[in-house]
Protein chains: 2
Amino acid sequence: MIGSQALIRTLVDAQVSVCFMNPGTSEMHFVHSLDSVPEMRGVLTLFEGVATGAADGYARIADKPAAVLLHLGPGLGNGLANMHNARRAHSPIVAVVGAHATFHEKYDAPLQSDIESVARTVSGWVHTSGLPRDVAEDGAEAVAAAMTAPKQIATLVLPADVSWSEGAEPVAPHPAQLAPAVPSIKVSSISRSLASQQNTVILLGGPALGERGLRAASRIAAATGVHLLAECFPARLERGAGVPNVDRVAYLAEAAQEQFDGVTRILLAGAVSPVSFFAYPGKVGDLVPEGCVVETLAGLDQDIVGALEAVARDVAAEAEPVLSAAVDTPRPTGELNVMTLAAAIAHTLPDNAIVVDEANTSGFALPAATAGAPRHSLLTLTGGAIGQGMPVAVGAAIAAPDRRVVNLESDGSALYTIQALWTQARENLDVTTILINNSSYAILRMELLRVGADNPGPRALEMLDLSKPDVDFTAIATGLGVSAVRVTTVDELVDAIERANSTPGPSLIEAIVPPIA
Amino acid sequence: MIGSQALIRTLVDAQVSVCFMNPGTSEMHFVHSLDSVPEMRGVLTLFEGVATGAADGYARIADKPAAVLLHLGPGLGNGLANMHNARRAHSPIVAVVGAHATFHEKYDAPLQSDIESVARTVSGWVHTSGLPRDVAEDGAEAVAAAMTAPKQIATLVLPADVSWSEGAEPVAPHPAQLAPAVPSIKVSSISRSLASQQNTVILLGGPALGERGLRAASRIAAATGVHLLAECFPARLERGAGVPNVDRVAYLAEAAQEQFDGVTRILLAGAVSPVSFFAYPGKVGDLVPEGCVVETLAGLDQDIVGALEAVARDVAAEAEPVLSAAVDTPRPTGELNVMTLAAAIAHTLPDNAIVVDEANTSGFALPAATAGAPRHSLLTLTGGAIGQGMPVAVGAAIAAPDRRVVNLESDGSALYTIQALWTQARENLDVTTILINNSSYAILRMELLRVGADNPGPRALEMLDLSKPDVDFTAIATGLGVSAVRVTTVDELVDAIERANSTPGPSLIEAIVPPIA
C-alpha cells in the first residue's frame, strides 16, 4: 500500500484515532487515505493553531495523542504557539508535517523552508521519513516517543513522495517508555523527613494533579501538617466537590512570595521550582525564599502518583484525604463583573464538566468560587501563549463527548484562534464559550505598571486598547456558524449559560464585563 | 535614555517609521517609549501574522522596512508564515522579538523558547541584544541588513532588561550594501548574444518588474525578438495601461511547460530558474526544457534594472517599449462567476490602485482582464503560505495612503488572518476587500486530482469543504468593525465595488461565486 495509508493504519493501531488537520497539496494523499482507514477521524480546522491546540486539549483529557496534519513550514509556523503550550503541558502529540517530495527539495520551490529546525524548538522527537518502506515504523516510533515520560510532541516530517509511493506496510505499535518508580530508598528517606519538618510545601504538578495524586497528597498533608500547593498553570487539575482542593501558586510574583513566606522546604512532585512568569525591574525571579531547601520527590519523568501514594502509605496510613464539600452557590444578582461572573459559573456548572480557563484577568475570582462546585477538570494556559483556550476546548470536547466543556475566554486571547468556533460548529461539539469582552488587553494594562513603565502616554495605551472599533463577538461567532448571544447583566448571563449548557452543540455568550485593570 | 527609546529613535532616524505590533509584557517598555518618539507610528494588530504580513505589504510599496514587534517565541511563531512569504518576496523587514530579561532566562519560565533557531529559518540576519549600550547599534545594523541586497528580514531579539535599562543612546543610520552593477563585460557579452539568438526568454523577477525594468526589457524584446516572461508570483508587478505587459509563468506546470516549449535559452533577470510549485507523481519539477541553456543576466543581489537598461542601450537604442493600450472594459452582465468577477474588477479599477491578489483559483481570469486597466501595482502570494492577502493590504495601504487597495481574497485563505480587518477599521485604511466565497478549498480539490489521488472518498472531500457550516464573511467583517455586504449577482458586485472604492476607509464585499474546480 502507499505510505500515507500504512502510516494512518499504524497510527490507528497505536490508539491514535483522531487527526486535527489543515492540509495542503503535499498532504493530499494523506487526506485521500482517510477513506481507506475509517477508524481515523479527520477533523478539519481553518487555521493550524486550532489543530495544534485541539491536539493539546485532546491529550489532556484522553491521556493519549491525537495526530495533527500540517502543511510544510508555514503550516508548522501557524501551529507553533499552541505547540509551545502543549510542550509546557507535556501533552503527547504526533505532528505530521507534510513536505515537498524528496526529489523536489533541491529546487528550493516557494514553500521550501527548514521544517526540522522549527519543529525541534517544540518537539522532543523529530524525524523526516525517507522511504515508503520505513514510514510506518517512523509513525510507530513517533507515537512511542510522544507517550514516553514525561510525554511530548513527536514531529514526523512526511515528504509527499513518501506519502504517495507504494511499498509501505503497517507495523505493530512500539512500546513507550513508561515513567519509572522513584527508588524506594528515596521515598523512605523523604517519608522519614516529613514527620520532623514544619514549614514544608509539597508543590504538585503534572499527573500529581489528577484525583489519585491529590488524594495521596491530601492524606500526607492531613497526617504531617505539610502544606500543599499546585503549580500556577496546570495542564489538568481535578477540582470541585469530593476532590481535595489545592491552591495554585499565584501568577503575581508578589502574591506567590506571600504563599511561600516562611517556607523552609519545598518538595517537588511533578512541578518545577517556582519562578515568576516574567522578570520585573528590581524584583526577584526565583520565588524560593532565602534559605529554603528545594528537593525533588518525583520528576515528570518518574511515576509521580506512585511516589505520592508510597509516601502516604509510610506517613499517613490512617489519614483520610480532606475533600472539598459541595457548595451550592446561589444565583448571583447585581451588576455583571468578574466576581458575579465567577459566581455565575459556579452556580451553573454541570456535573463532570471540563473547564477551559483562558479568562486571564477576568478569571481571577474563579478558583475560590468553584472549589465546591460540581466536580470538574480544569485546563489552563500552560505556556503563556494566548489563543489556546478555544482550540483546547475543541480537543477536550472530542476526547470526552459525554462531558460539557465550559470555555472561559477573554476577548484579546480569543482573537488569535477565533477560527476554532467553526470546527466546534462543524463537529457539533458541546462547548459553551463565555467570551468575556472588556475591550482591552487588560492584563497588559496591569503589566505595564508592574514592569515600571509608569505614566504611559496615549500612544502606548492605544496599543492595549481593543475598542476603536469594538469587537462584536456575537457577530463573529454567528459568521463562523456558532449561535451566540450578548449579555450585559448577570441575570442574562445565568440564563444564557443554563440555556447553552442544556443545548447540544456549541454556543457563545458574549459577556460585557468591565476590566479590572 | 533606556534601551527601547534609543532603539526606536535609531529606527526612525534610519527611515523606519511604522511598527506593526502585537506586544506582551516583555515588550511593555518598547510600547511605553512610543510616546517619547512620536515619529514612530505604532499600528496594533490582533494577531502576529497580520503584523508580519503588513510589514511585507508595506515594504513592497514603500521600498523600505517597517518594524514589527512580537512577543517572544510564540509571537514569532504566529508571525512565521507571513515572514516566510516576505522572505520569498525579498521584503526588507526589521523584526523585533521581545524576550525574557537576560537574568530571567535561566529559570526556563513558561514563555521561554528557542527564538533564534526559529528566526533563522526566515531571516537573513539574526542577533540578540546583550546590553543597553549596544542596542541602538544593533537596531541600526538590523536596518542596514534588511536593506542590503537582495533585501531580507533582520530579526533583533530584545531582552526585556535591555529594553528597560538606562545607558542607551541613539546612533546614526548604518549604510546598507547596495546591489552592485553587473560587470560591463558580462552585459556586453549578453548584448552581443541577443542579436544572434531566437527562442530566448528573458525571465524577469524582483525589481525587474518595476516600471523601469519593464520598459528596458520591452525595448530589448522589441529590438531583438526575445520573449519576456515574469516570475509566477511577483512581490510587485507594475501593470495596466501605459506599462509594458508581461505574462507571468503559469502556476500549473503543464501550462508553464507550454510557455517554455521550444525555448533554447532562458536569461534570468532577478528571477530564479523556473520550477514547478509542487511535485507531482511522474511529472517533472524542473520547467527548463531539455537542452535549454539557463544563464543569469543579473541576480537579486545585483543591480537588475541597471543591467537591463545597459543591455537596452546596447541592443535597442532606437527601440521604444511596447506599452499596454488602455482598454475600457464594459460593465459586465450575466451570472457572477470567475470570468465576470475579473471583468468587474477591470471595469471598476481606480487609477493607480494597488491590487493584492490572493484569489487563487478564483483569480485565474484576472491577468488577461486587467492588462489594459488603469495602471496599478499587483502584489501576489510569493511564498505560497495562504493568509497573506489581507495583512499585505493593511501594509500597502499604510505605505500609500493616497492609493486605493483592492484585495481579491479567497475564502479559505482569508480565514487564516481575518483579524486584519480590525486593523483596517482602526486605521481607517482605504481597502476594498472582495471576498470570494466558494465554500471550499477549491485549489485543493484541483490539486487532489493533479497529484493522482483519484476517486477521493467522502471523508477526503469533507476535508476540502468549507460549507457545513457555511462561513458568513459579512457577519465576521461587521464583527471586526468593517462594513460589509454580500452580493450574488455581477450587477450587485459592480455597484458594491464602486461604492466601496469611493468611500473612504475599508469595506468588504462577499461575492458568492461557484468554484471552478
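Computed from a prediction, not measured in an experiment: that's the story for all the values here.

S.K.: How would you explain the environment of T433(A) if you had to name every residue and give the values?
M.R.: Residue and element names in this part refer to chain A. By the secondary structure assignment, T433 is in strand β15 (residues 431-437). The class for T433 is buried, based on a relative accessible area of 0%. Put simply, T433 and I509 are 76 residues apart on the chain and 6.1 Å apart in space, counted from C-alpha to C-alpha. Excluding anything up to four places from it in sequence, T433 contacts M390, N407, E409, L421, Q424, S507, L508 and I509.

S.K.: Residue-level account of the relation of the copies chain B and chain A, with values.
M.R.: Overlay of chain B on chain A (RMSD 0.0 Å): rotation 180°, translation along the axis 0.0 Å. In short, the pair behaves as if placed about a two-fold rotation axis. Looking at the rotation axis and the C-alpha trace of chain B, the residue lying nearest is I476(B), at 2.1 Å. The fraction of interface residues of chain B whose copies in chain A are also interface residues reaches 100%, indicating that both copies meet through the same surface.

S.K.: Account for the pattern of salt bridges, naming residues and giving values.
M.R.: Think of it this way: side chains of opposite charge can pair up when their charged atoms draw near. In this structure the tally under the stated criterion is 48 salt bridges over all chains. Residue D56(A) is joined to R60(A) by a salt bridge in which the shortest nitrogen-to-oxygen separation is 2.9 Å. With D56(A) and R60(A) both in helix α3 (residues 48-62) and four residues apart, the pair spans about one turn of that helix. Under the relative-accessibility criterion, D56(A) is labelled buried at 0%. Here R486(B) ties to D472(B) by a salt bridge, and the two come within 2.7 Å at their closest N and O atoms. With R486(B) in strand β16 (residues 483-487) and D472(B) in the loop between α18 (458-462) and α19 (473-479), this pair connects stretches of sequence that are 14 residues apart. In the salt-bridge network here, residues are joined through shared partners; they are E211(A), R215(A), R236(A), E238(A) and R375(A).

S.K.: Any chance you could break down the sheet that holds strand β1 (residues 18-21) of chain B for me, citing the residues and the numbers?
M.R.: Residues and elements named next belong to chain B. Overall, parallel pairing links the six strands, which are arranged β2-β1-β3-β4-β6-β5 in an open sheet. Lying at the two open borders of the sheet, with one neighbouring strand each, are β2 (41-44) and β5 (125-128). Averaged over all neighbouring strand pairs, the angle between strand axes comes to 20°, with direction disregarded. On the sheet, helix α3 (residues 48-62) packs against β1, β3 (66-71) and β4 (93-99) and is oriented at approximately 170° with respect to β3. Where helix α14 (residues 389-399) meets the sheet, its contacts fall on β1 and β2, and the angle it forms with β1 comes to roughly 160°.

S.K.: Please give an account of the nonpolar core that cites residues and values.
M.R.: Core analysis: the biggest nonpolar cluster contains 228 residues, and F20(A), L480(A), F20(B) and L480(B) have the highest contact counts within it. If near-sequence neighbours (up to four positions away) are discounted, F20(B) is found in contact with V43(B), A51(B), A54(B), A55(B), Y58(B), A66(B), A67(B), V68(B), L69(B), V394(B), G395(B) and I398(B).

S.K.: Any chance you could break down the domain arrangement of chain A for me, citing the residues and the numbers?
M.R.: Residues and elements named next belong to chain A. What the domain assignment lists for chain A is domain 1 (3-164), domain 2 (184-315) and domain 3 (338-512). One C-alpha centre belongs to domain 2, the other to domain 3, and the line joining them spans 29 Å. With 22 residues of domain 2 in contact, the opposing surface of domain 3 contributes 21 residues. Of the roughly 1,800 Å² buried between domain 2 and domain 3 on both sides combined, carbon and sulfur atoms contribute 46%. Where domain 2 packs against domain 3, one counts three salt bridges. The salt bridge involving R450 is made with E254; its shortest N-O contact spans 2.7 Å.

S.K.: Could you give an account of the interface of chain B and chain A, with specific residues and numbers?
M.R.: In this complex, chain B contributes 98 residues to the contact, which on the side of chain A involves 98 residues. In this assembly, chain B packs against chain A so that about 7,900 Å² is buried in total across both faces, 65% of it on carbon and sulfur atoms. At the surface where chain B touches chain A, the tally comes to four salt bridges. Across the salt bridge formed by D108(A) and R88(B), the nearest N and O atoms sit 2.8 Å from each other. There are 50 residue pairs in polar contact (both at pLDDT 80 or more) connecting chain B and chain A. When residues of the side of chain B that touches chain A are traced back to their parent elements, those giving at least two are α2 (28-33), β2, α4 (72-89), α5 (115-120), α16 (420-426), α17 (442-450), α18 and α19 of chain B. Residue contributions to the side of chain B that touches chain A peak at nine residues, all from α4(B). The residue makeup of the side of chain B that touches chain A, split by class, is 51 nonpolar, 30 polar and 17 charged.

S.K.: Go over the sheet that holds strand β6 (residues 153-159) of chain A, please, and point to the residues and values.
M.R.: Sheets are built from strands paired through backbone hydrogen bonds, the pairs being either parallel or antiparallel. All names here are of chain A. The strand order across the open sheet built from six strands is β2-β1-β3-β4-β6-β5, with neighbouring strands paired in parallel fashion. Unpaired on one side and paired on the other, β2 (41-44) and β5 (125-128) mark the two borders of the sheet. The average angle at which neighbouring strand axes cross in this sheet is 20°, direction not considered. Bridge count between strand β1 (residues 18-21) and β2: four bridges; the pairing is parallel. Counted as the bridge partner of C19 is G42 from β2. Against the sheet, helix α4 (residues 72-89) makes contact with β3 (66-71), β4 (93-99) and β6, and its axis sits at roughly 145° relative to β3, the strand it touches most.

S.K.: Could you give me a rundown of the pairing of strand β14 (residues 405-410) of chain A, with the residues and numbers involved?
M.R.: All names here are of chain A. When you tally the buried positions in β14, you get six out of six residues, the bulk of the element. Here β14 shows two buried faces, one formed by V405, N407 and E409 and the other by V406, L408 and S410. The sheet contact formed by strand β12 (residues 353-358) and β14 spans five bridges and is parallel. Among the inter-strand pairings, V355 is bridged to a residue of β14, identified as V406. Bridge count between β14 and β15: six bridges; the pairing is parallel. Looking across to β15, one finds that E409 is bridged to L435.

S.K.: Mind laying out helix α14 (residues 389-399) of chain A, listing which residues take part and the relevant values?
M.R.: A large share of α14(A) lies buried, amounting to 10 of its 11 residues. Looking at α14(A), one finds that the buried residues are G389(A), M390(A), P391(A), V392(A), A393(A), V394(A), G395(A), A396(A), A397(A) and I398(A).

S.K.: Break down the packing of aromatic side chains for me, with residues and values.
M.R.: All told, the structure shown has 15 aromatic pairs over all chains when counted by the stated rule. Relative to Y416(B), the ring of F47(A) lies with its centre 6.4 Å away and its plane at 75°, an arrangement referred to as edge-to-face. With F47(A) in the loop between β2 and α3 and Y416(B) in the loop between α15 (411-414) and α16, this residue pair bridges two chains. Y416(B) carries the same exposure label as F47(A), and that label is buried. By the ring-pair criterion, three or more aromatic residues cluster together here, those being F47(A), Y416(A), F47(B) and Y416(B). We note R450(A) situated over the ring of Y280(A); from NZ or CZ to the ring centre the distance is 4.2 Å.

S.K.: Account for a nonpolar patch on the surface, with residues named and values stated.
M.R.: Taken together, M339(A), F364(A) and I516(A) make up a surface patch of nonpolar side chains, about 320 Å² in accessible area. Tracing the chain through its elements places M339(A) in helix α12 (residues 338-348).

S.K.: Tell me about the UniProt feature "domain: Thiamine pyrophosphate enzyme N-terminal TPP-binding" (unreviewed entry) in chain A, residues and numbers included.
M.R.: UniProt marks residues 3-106 of chain A with the feature "domain: Thiamine pyrophosphate enzyme N-terminal TPP-binding" (unreviewed entry), using the numbering shown here. Annotation note: span residues 3-106 of chain A, helix share 47%, strand share 20%, distance between end C-alpha atoms 22 Å.

S.K.: If you had to explain the side chain of T361(A) to someone new, which residues and values would you point to?
M.R.: Along the chain, T361(A) turns up in the loop between β12 and α13 (366-370). When residues no more than four places from it in sequence are discounted, the contact partners of T361(A) are N438(A), A442(A), I443(A) and I516(A).

S.K.: Lay out the UniProt feature "domain: Thiamine pyrophosphate enzyme TPP-binding" (unreviewed entry) in chain A in plain terms, naming residues and giving numbers.
M.R.: Annotation from UniProt places "domain: Thiamine pyrophosphate enzyme TPP-binding" (unreviewed entry) at residues 373-510 of chain A. Here residues 373-510 of chain A runs as 40% helix and 20% strand, with 23 Å between its end C-alpha atoms.

S.K.: Give me unusual backbone geometry: which residues, what numbers.
M.R.: A negative phi angle is the norm for most residues apart from glycine, just as the trans form is the norm for most peptide bonds. In this structure, P469(A) follows K468(A) across a cis peptide bond, with omega equal to -5°. Considering the arrangement of structural elements, one finds P469(A) in the loop between α18 (458-462) and α19 (473-479). A positive phi angle is found at N352(A), which is not glycine, with a value near 65°. Here N352(A) is to be found in the loop between α12 and β12. Here Q15(B), not a glycine, exhibits a phi torsion of approximately 75°, which is positive. Within the fold, Q15(B) resides in the loop between α1 (3-13) and β1.

Basis of the calculations
- Residues numbered from 1 in each chain as written.
- Chains lettered and ligands numbered in written order.
- Predicted model: local features only at pLDDT ≥ 70, side-chain atom pairs only at ≥ 80, totals over all residues.
- Heavy atoms only, no water.
- Helix = DSSP H or I, 4+ residues; strand = E, 2+ residues; numbered from the N terminus.
- Buried < 20%, exposed > 50% of the residue type's maximum accessible area, 1.4 Å probe, protein only.
- Contact = heavy atoms within 4.5 Å.
- Least-squares fit on C-alpha atoms with pLDDT ≥ 70 in both.
- Salt bridge = Lys/Arg side-chain N within 4 Å of Asp/Glu carboxyl O.
- Pairing = 2+ DSSP bridges.
- Axes fitted to C-alpha atoms, helices over the stretch in contact; angles between N-to-C directions.
- Core = buried A, V, L, I, M, F, W, Y, C linked by side-chain atoms within 4.5 Å.
- Domains from an automatic or database assignment.
- Buried area = accessible area lost by both parts, 1.4 Å probe.
- Polar contact = N/O pair within 3.5 Å; in protein donor to acceptor, adjacent residues only side chain to side chain.
- Nonpolar A, V, L, I, M, F, W, Y, C, P; charged D, E, K, R; others polar.
- Phe/Tyr/Trp six-rings, centres within 6.5 Å; stacked < 30°, edge-to-face > 60°.
- Lys NZ or Arg CZ within 6 Å of the ring centre and 35° of its normal.
- Patch = residues over 30% accessible without salt bridge, like charges linked within 9 Å, V, L, I, M, F, W, Y side chains within 5 Å.
- Areas by Shrake-Rupley, 256 points an atom, 1.4 Å probe, with all protein chains shown as cover.
- UniProt positions renumbered as here; feature names shortened; annotations may be inferred.

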